[in-house]
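The chain contents come next:
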Amino acid sequence: MLQQRSLLRSGRGSHCSRGLVQHRIARAPLQCNAKDKAETAEKVPVRFRIRKKIEYGERLKIVGNQAALGSWDVSKALELKWHEGDLWVGSAEVPVKQDIEFKCVCSTPHGESWEDGSNRKFKALGPSYSLDIRCSWNNTRSTDVHAQELKPAEPAFRVLASLQSLDQEAEEADMRAQQKEQQRARSRQASYSSMSSYSESDGESAVSAWQGREVQFMRSNQHSNERNGKWDTSNLPPAPHPLQTLVRGDEKAANWLRKLEVAKAVLVDEAERARPGVEALAAGFVYLQWVTTGAIPCVEGGGHYRPNHHARLAQHIFKSLEWTIEDDTDPSRAATLLARKLSTRLPSFGEAFTQQVPLTRIRDIAHRNDIPS
């Protein structure tokens, strides 16, 4: 190199040699600048805060998918420090414009206890802001992320004491959200229990109250599309009242599938936010009860439909009933009672009935002419 530089200064040497020396001298500083910029601009400081009372000898850690968070190795995770009020705090630097995932872990002498729920996620979108993240143990769906602009000669994070009132309000909001979620879970469980208790007593009462034609085994193609009835809406409340929808809809609904579509129109499509009111629930229950007992007969409507069509309609209706039960705040709980009773009049939407496998074998059997009499 010294010989090449001397040749360059004296003007001797080939053109290629001069180009080589100039290339090396010019590129080295550019590579250094790019490296320095990457090291200083691609990471931002992040502070993690979580309030939790633990036993003596236990520690809280933040473990995640970044090296600063242990790369999901708890032994290398970010260890938090205890502060007054059972507040645990720790900070690290993470890269910008990357999906960061992490969870809180309680390390005990007997092992590690991970918080419940899915991974927490966030992303630092730019290098000019620090991130302050507040977590609530086991509530992974609620992760508060606050950004603060980085300024020269100023700390990257706010003083913890100044966040006390904000943290208290956020923790109270988290508690209310958890209580509401627990209430919804209890409501769902009660509804499932109601569905499971339907089995014999309610089913037998519907069968014993059958008002349709005598049930007979069909030995030939005896389908009939004859319907007798009068669909008079003159004395009913004006549209869009649920009774108007039911009567007008049933006039065009010959078979069981179409009648389920009429019930769905009342209980889902026309209901505000797909949550039917008491009138719609009462009308829907009476309608499906009459269909179930044969008071409103079903006839051949033309076409063949697999059972999954009926099951899907029942699923849509059942979801609306569940939402109605969750939102029912009336002391009488009339909507809840009607929704649970109505759900017992829906066809099953178990796995066996939601499959979309062609039922060609069943259709072949139904149209055979060699069934013994």
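Provided above is the structure to which this section pertains.
The structure displayed is predicted, hence computed values, not measured ones.

S.K.: Would you mind going over the nonpolar core with me for this structure?
M.R.: One broad trend across soluble globular proteins is that nonpolar side chains are buried collectively. Leu281, Ile317, Leu342 and Leu346 are the most contacted members of the largest nonpolar core, which totals 29 residues. Elements that contribute at least two residues to this core include exactly α6 (256-269), α7 (278-292), α8 (307-327) and α9 (334-343). Aside from chain neighbours lying at most four places away, what touches Leu342 is Leu267, Leu281, Gly284, Phe285, Leu288, Ile317 and Leu321. If you look at the next biggest cluster of nonpolar residues, it comprises 24 residues, including Leu69, Leu80, Phe122 and Ile133.

S.K.: Looking at this structure, how should I read unusual backbone geometry?
M.R.: Among all residues except glycine, the phi angle is most often negative; among peptide bonds, the trans geometry is most common. With an omega of 10°, the peptide bond running from Ala239 to Pro240 counts as cis. The topology assignment puts Pro240 in the loop between α4 (201-208) and α5 (242-252). Look at Ala153: it is not a glycine, yet its phi comes out positive at around 65°. Positionally, Ala153 belongs in the loop between β10 (143-149) and α3 (164-196).

S.K.: How should I be thinking about the sheet that holds strand β1 (residues 43-51) in this particular structure?
M.R.: Read across the open sheet, the 5 strands follow the order β4-β5-β1-β9-β10; overall the sheet is mixed. Across the chains shown, the open sheet's two edge strands, defined by having one partner strand only, are β4 (81-83) and β10. Strand-to-strand twist across the sheet, computed as the mean angle between neighbouring axes with direction ignored, equals 25°. Judged from the 3 bridges that link them, β4 and strand β5 (residues 87-95) form a sheet pairing that is antiparallel. Residue pairing across strands places His83 opposite Leu87, the latter belonging to β5.

S.K.: Would you explain α5 in this entry?
M.R.: Because an α-helix completes one turn every 3.6 residues, residues spaced three or four positions apart along the sequence face the same direction. Where α5 is concerned, the buried positions are Pro242, Gln244, Thr245, Leu246, Gly249 and Asp250. For α5, the elements touching its buried residues are α6 and α7.

S.K.: Is there a simple way to explain the pattern of salt bridges in this structure?
M.R.: What the rule picks out here adds up to 11 salt bridges. Lys123 serves as the salt-bridge partner of Asp99, at 3.4 Å between the closest nitrogen and oxygen. Of this pair, Asp99 sits in strand β6 (residues 99-108) while Lys123 sits in strand β8 (residues 120-123), and the two are 24 residues apart along the sequence. A relative accessible area of 53% means that Asp99 is categorised as exposed. Here the salt bridges share partners, and the residues they tie into one network are Arg47, Arg49 and Asp132.

Rules behind the numbers
- Residues numbered from 1 in each chain as written.
- Predicted model: local features only at pLDDT ≥ 70, side-chain atom pairs only at ≥ 80, totals over all residues.
- Heavy atoms only, no water.
- Core = buried A, V, L, I, M, F, W, Y, C linked by side-chain atoms within 4.5 Å.
- Buried < 20%, exposed > 50% of the residue type's maximum accessible area, 1.4 Å probe, protein only.
- Helix = DSSP H or I, 4+ residues; strand = E, 2+ residues; numbered from the N terminus.
- Contact = heavy atoms within 4.5 Å.
- Pairing = 2+ DSSP bridges.
- Axes fitted to C-alpha atoms, helices over the stretch in contact; angles between N-to-C directions.
- Salt bridge = Lys/Arg side-chain N within 4 Å of Asp/Glu carboxyl O.

It is worth stressing that arrangement in space is one thing and function is another; only the former is reported here.
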